[in-house]
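Chain by chain, the residues run as shown.
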Amino acid sequence: MMLSPEMQEFLRYAPIGFLVGAYGTLVGAGGGSVLVPILLMMMPDESPAKITAISLAVVFFNAYSGTIAYMRMGRIDYRAGTIFTVAGIPGAILGTMLVRTMPRQLFDPIFGTLLVLIGGWLFANPLGSTNVDEDTDNPIAGTRMLIGSLGSAYIGVVSSLLGIGGGIIHVPFLIRALHMPPHFATATSHFVLTFIALTATITHVCEGEFQGELSTTMYLAVGVMMGAPLGAAISTKLKGSLIVKMLALALCFVGVRLLIRMF
């Protein structure tokens, strides 16, 4: 029995979405850091703008599903998350506009190098130089709130430019710079990602980047929404340092793959 082209496409992309959703929610990264390299290899002729548009839409669905799970666990710092979201939204819009001017020959090596650098940095010292109680909330206030807002604004630009949602940068930023425990950092990052990715996706829609790729995006989205609750559940069984190291290894792996492919 022959499967329809639509079913073949669903079976091709939905499992990828499931794995991206589970892993992205587990490490609080939205999955874009894994999905973008996969799309770059599966769609060698597409522009960075189209690939980042697909990725950010999928990141939104993943972040939304994961945020609901983390809300039930009571791990989100809503005050900090709301302020960081407001700070990051203008950057998200700017990033989606900048990516339209970037060719693949420049996009791929920049993305690969960034992943390797961040991955190596995190693996070497996953919880930073200060001791953080992984099981106790550490509310953000005062100077740390200002630093967090400024950091979120810049992260919004970079994350939308690269189509990764920002979790791979935002999670270590919350842990390292703001001393937020890893489990709270992953949950709060997911909360922020939901709105940042939605803003970037709406911008891409207005720019017409989803023409011809809507079905691919929806199949991936179905997969990530099924995988995200699994990732959130698994996160309760793992220590924060292990979560960060898993993220670091994944970043190094996909970064090296991209650089090898380029050269």
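Note that the structure is predicted; figures quoted are calculated from it, not measured. (Residues numbered from 1 in each chain as written. Predicted model: local features only at pLDDT ≥ 70, side-chain atom pairs only at ≥ 80, totals over all residues. Heavy atoms only, no water.)

Asker: Is there a simple way to explain the overall build of the protein chain in this structure?
Answerer: Counting its regular elements, the protein chain contains 10 helices and 0 strands. Each helix and strand of the protein chain, placed in order from N terminus to C terminus, yields the pattern α-α-α-α-α-α-α-α-α-α. Here the C-alpha radius of gyration of the protein chain, 17 Å, is about what a compact globule of 263 residues would show, namely 18 Å. Counting only residues that meet the buried cut, the protein chain has 57% of its 263 residues in that class. Put simply, 87% of the contacts in the protein chain that link residues at least 6 apart link residues at least 24 apart. Just so you have it, the protein chain exposes about 11,100 Å², and 70% of that area is on carbon and sulfur atoms. Computed over 14 positive and 13 negative side-chain charges, the inter-centroid distance for the protein chain is 7 Å. (Helix = DSSP H or I, 4+ residues; strand = E, 2+ residues; numbered from the N terminus. Rg over C-alpha atoms; globule rule 2.2 N^0.38 Å. Buried < 20%, exposed > 50% of the residue type's maximum accessible area, 1.4 Å probe, protein only. Contact = heavy atoms within 4.5 Å. Areas by Shrake-Rupley, 256 points an atom, 1.4 Å probe, with all protein chains shown as cover. Lys, Arg positive; Asp, Glu negative; His and termini not counted. Charge placed at Lys NZ, Arg CZ, Asp CG, Glu CD.)

Asker: Please explain the UniProt feature "transmembrane region" (unreviewed entry) in the protein chain as it appears in this structure.
Answerer: On the UniProt side, "transmembrane region" (unreviewed entry) is annotated at positions that read residues 20-41, 53-72, 78-99, 106-124, 153-175, 187-205, 217-235 and 242-260 here. Segment residues 53-72 splits into 100% helix and 0% strand. End C-alpha atoms: 29 Å apart. The span residues 106-124 is 100% helical and 0% strand by assignment, and the distance between its end C-alpha atoms comes to 28 Å. (UniProt positions renumbered as here; feature names shortened; annotations may be inferred.)

Asker: Is there a simple way to think about unusual backbone geometry in this case?
Answerer: Among all residues save glycine, negative phi is the norm, and among peptide bonds the norm is trans. Phi is positive for His 179, which is not a glycine, with a value near 60 degrees. Tracing the backbone through its elements, the reader meets His 179 in the loop between helix H7 (167-176) and helix H8 (182-206). Judged by its relative accessible area of 30%, His 179 falls in the partly exposed class.

Asker: Please explain the packing of helix H2 (residues 32-42) against helix H5 (residues 104-124) as it appears in this structure.
Answerer: The geometry of a pair of packed helices is captured by two quantities: the angle between their axes and the separation between those axes. The N-to-C vectors of H2 and H5 enclose an angle of 145 degrees; their axes lie 12 Å apart at closest approach. Between H2 and H5 lies a crossing of left-handed hand. Mapping the contact onto sequence places Ser 33, Val 36, Pro 37 and Leu 40 in H2 and Arg 104, Phe 107, Asp 108, Phe 111 and Leu 115 in H5. Tallied by class, residues from the contact of H2 with H5 come to 6 nonpolar, 1 polar and 2 charged. (Axes fitted to C-alpha atoms, helices over the stretch in contact; angles between N-to-C directions. Left-handed = near helix turned anticlockwise from the far one by under 90°. Nonpolar A, V, L, I, M, F, W, Y, C, P; charged D, E, K, R; others polar.)

Asker: Explain the packing of aromatic side chains here, please?
Answerer: Two numbers describe a pair of aromatic rings. These are the distance of the centres and the angle of the planes. Across all of its chains, the model carries 6 aromatic pairs by this definition. Centroid distance Tyr 78 to Phe 191: 5.7 Å. Interplanar angle 90 degrees. Geometry classified as edge-to-face. Here Tyr 78 is found in helix H4 (residues 78-98), whereas its partner Phe 191 is found in helix H8, with 113 residues between them in sequence. By relative accessible area, which is 37% here, Tyr 78 ends up partly exposed. Between Phe 107 and Phe 111, the aromatic rings sit 6.0 Å apart at their centres with planes inclined by 10 degrees, giving stacked as the arrangement. You can see Phe 107 and its partner Phe 111 sitting in helix H5, 4 residues apart, about one turn around the helix. The same class applies to Phe 107 and to Phe 111, which are both buried. Linked through ring pairs, Phe 60, Phe 61 and Tyr 64 together constitute an aromatic cluster. (Phe/Tyr/Trp six-rings, centres within 6.5 Å; stacked < 30°, edge-to-face > 60°.)

Asker: What exactly am I supposed to notice about a nonpolar patch on the surface here?
Answerer: A surface patch of nonpolar side chains, about 510 Å² in accessible area, is lined by Phe 18, Leu 19, Val 222, Met 226, Leu 230 and Ile 234. Contributing elements (two or more residues each) for the nonpolar patch: helix H1 (5-27) and helix H9 (214-235). Relative to the elements of secondary structure, Phe 18 occurs in helix H1. (Patch = residues over 30% accessible without salt bridge, like charges linked within 9 Å, V, L, I, M, F, W, Y side chains within 5 Å. Salt bridge = Lys/Arg side-chain N within 4 Å of Asp/Glu carboxyl O.)

Asker: Explain the nonpolar core here, please?
Answerer: The tendency in soluble globular proteins is for nonpolar side chains to be buried side by side. Of all hydrophobic cores here, the largest spans 56 residues; its most connected members are Phe 84, Phe 107, Phe 111, Ile 168 and Leu 220. Not counting the four nearest positions on each side in its chain, Phe 107 is found in contact with Val 36, Leu 40, Pro 48, Thr 52, Val 99, Met 102, Leu 161 and Leu 162. (Core = buried A, V, L, I, M, F, W, Y, C linked by side-chain atoms within 4.5 Å.)

Asker: Mind showing me how you'd approach the pattern of salt bridges here?
Answerer: If the charged atoms of two oppositely charged side chains come close together, the side chains can form a pair. In total, this model carries 2 salt bridges according to the counting rule given. With its nearest N and O atoms 3.7 Å apart, the salt bridge here joins Arg 100 to Glu 207. Linking Arg 100 in the loop between H4 and H5 with Glu 207 in the loop between H8 and H9, this pair joins segments that are 107 residues apart in sequence. What makes Arg 100 partly exposed here is its relative accessible area of 43%. A relative accessible area of 24% places Glu 207 in the partly exposed class. Note that Glu 209 and Arg 100 form a salt bridge whose closest N and O atoms lie 2.3 Å from each other.

Asker: Looking at this structure, how should I read H8?
Answerer: Count 3.6 residues to each turn of an α-helix, and residues three or four apart come out pointing the same way. Compared with an ideal rise of 1.5 Å per residue, which puts 25 residues at 36 Å, H8 spans 36 Å between its outermost C-alpha atoms and is within 8% of the ideal. A maximum bend of about 25 degrees is found in H8 at Leu 193. H8 sits mainly inside the fold: 20 of its 25 residues count as buried. At the exit of H8 stands Gly 208, carrying a positive phi of roughly 75 degrees. (Expected span 1.5 Å × (residues − 1). Bend = angle between axes of the 7 residues up to and from the residue.)

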